[in-house]
Structures are given as structure tokens and as C-alpha cells.
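# Topology and contacts: notes
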Amino acid sequence: MCKTALRRSQSLAIEKIPDALLHRWLGNLRYSMPLLQSFDIDHTHTEGPGITSILSNEIFGHNAPQLRTVSIAGLAFSWSSVLLSDALVNLDLTFHEKLDHAVVIASLPSAQQ
């Protein structure tokens, strides 16, 4: 994914990425996406049991001020992520049986958050 294309994108959907490539794709999402309004990532079709992927807290370079709609399926994430900004209007979370529940529980926000 090209940095300049990401900076111009208003919508980003990532689906059915092979496990072997997912971490590389997620690593490319470290750039600012100031125009992004919708982000959809679906990793429910994994290739093996127990594969766990976590969206980095550094996603979008901490800069996606127009992000309104987020859909995350089959991945854990940080509750302090830019994905949950004040502008967020729609949030859809889906977990599947292969996701390590300990990772999900560890990522839950504290009472202070």
C-alpha cells in the first residue's frame, strides 16, 4: 500500500488476507490517513487454529480525525487506539472462536479509560 494513496483514501476495507501477509499489510497502516471516514477489516477466515493478530496502537499514525465508521472482525485491538476517536459514530466488532480470548480480555479498557 502506497503512503500517498492511503493519505487520500476515504474508505479502506481489508478482507481475506492470508495469515502470512496480514502482519505486513497491518504494518503498512502506520501512516496518517486524515481523510479516512470508514475502516473495515475482516480476518475471520484464518488458515490455522489459534492465529492471533492485533491491530497496532500506532495504526494510521494516530491521525484519522474523520473516521466515523469502524468494523473489526477477527482481530484484537487497543481500546486507546485512534480507531475509537471522538468522531466515531458506528462501531461493529466481531470475534470468532479461533481468536485467543485472553488477548481480547487483556485489550479491554480499564475503568479509567
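Summarised in this report is the structure supplied together with it. (Residues numbered from 1 in each chain as written. Predicted model: local features only at pLDDT ≥ 70, side-chain atom pairs only at ≥ 80, totals over all residues. Heavy atoms only, no water.)

## Quick word on the overall build of the protein
To be explicit about the condition: We count a stretch as a helix when DSSP gives it H or I for four or more residues in a row; a strand needs E for two or more, and each element gets its number in order from the N terminus. Exposure classes here rest on a 1.4 Å probe applied to the protein chains alone. A residue is buried below 20% of its type maximum, exposed above 50%, and partly exposed in between. Contact criterion: two residues are considered in contact whenever any of their non-hydrogen atoms come within 4.5 Å of each other. Shrake-Rupley sampling with a 1.4 Å probe provides the accessible areas, and residues are treated as covered by the protein chains on show and by no other component.
If you tally the helices and strands in the protein, you get three helices and six strands. Along the chain direction, N to C, the helices and strands of the protein fall in the order α-β-α-β-β-β-β-β-α. The burial tally for the protein puts 34% of its 113 residues in the buried class. Taking the intrachain contacts of the protein between residues at least 6 apart in sequence as the baseline, contacts between residues at least 24 apart amount to 62%. With the model as given, the accessible surface of the protein reaches about 6400 Å², and the carbon-plus-sulfur share is 52%.

## Some points on the nonpolar core
Cut-off, in case you're wondering: As used here, the term nonpolar core means buried Ala, Val, Leu, Ile, Met, Phe, Trp, Tyr and Cys residues forming a set that is joined through side-chain atoms within 4.5 Å.
In this structure, Leu29, Phe39, Leu55, Phe60 and Leu83 are the most contacted members of the largest nonpolar core, which totals 22 residues. Listed by contribution, the elements that provide at least two residues to this core are β1 (11–15), α2 (19–27), β2 (38–42) and β4 (69–73). Among residues more than four places away in sequence, those in contact with Leu55 are Leu26, Phe39, Ile41, Ile72, Leu75, Ala76, Phe77, Ser78 and Leu83.

## Observations concerning the sheet that holds strand β6 (residues 90–94)
The criterion, for reference: Should DSSP find at least two bridges between two strands, the strands are taken to pair. For helices, the axis comes from a line fit to the C-alpha atoms of the stretch in contact; other axes are also lines fit to C-alpha atoms, and the angle between any two N-to-C directions lies between 0 and 180 degrees.
Judged by pairing direction, the sheet is parallel, and its four strands sit side by side in the order β1-β2-β4-β6 without closing on themselves. Each of the sheet's edge strands pairs with one partner strand only, and the pair in question is β1 and β6. Strand-to-strand, the axes of this sheet are offset by a mean angle of 5°, without reference to chain direction. In terms of strand pairing, β4 meets β6 through five bridges, oriented parallel. In the sheet register, Val70 faces β6, and the bridge partner there is Leu91.

## Some details on α2
Convention followed: Directions from the helix axis toward the C-beta atoms define the arc.
Buried residues of α2: Asp19, Leu22 and Leu26, and no others. Looking straight down α2, one finds that the buried residues subtend no more than 25° of arc, so they occupy a single side. Of the residues in α2, the exposed ones pointing more than 90 degrees away from the buried face are Ala20 and Arg24. Buried residues belonging to α2 abut β2 and β3 (54–55).

## Concerning unusual backbone geometry
We note that Lys16 has phi near 55°; this positive angle belongs to a residue other than glycine. Structurally, Lys16 can be placed in the loop between β1 and α2. If you check the backbone angles, His62 has positive phi at about 60° while not being a glycine. The topology assignment puts His62 in the loop between β3 and β4. Look at His62 and you get partly exposed, because its relative accessible area is 45%.

## A short note on the side chain of Ser32
Note the cut-off: Definition of a polar contact: a pair of N or O atoms within 3.5 Å, with one able to donate and the other able to accept a hydrogen when the atoms are protein atoms, and with sequence-neighbouring residues admitted only if both atoms are side-chain atoms.
Its location among the elements puts Ser32 in the loop between α2 and β2. Side chain to side chain, Ser32 and Arg7 meet in a polar contact 3.4 Å long. A polar side-chain atom of Ser32 sits 2.6 Å from a polar atom in the side chain of Asn63.

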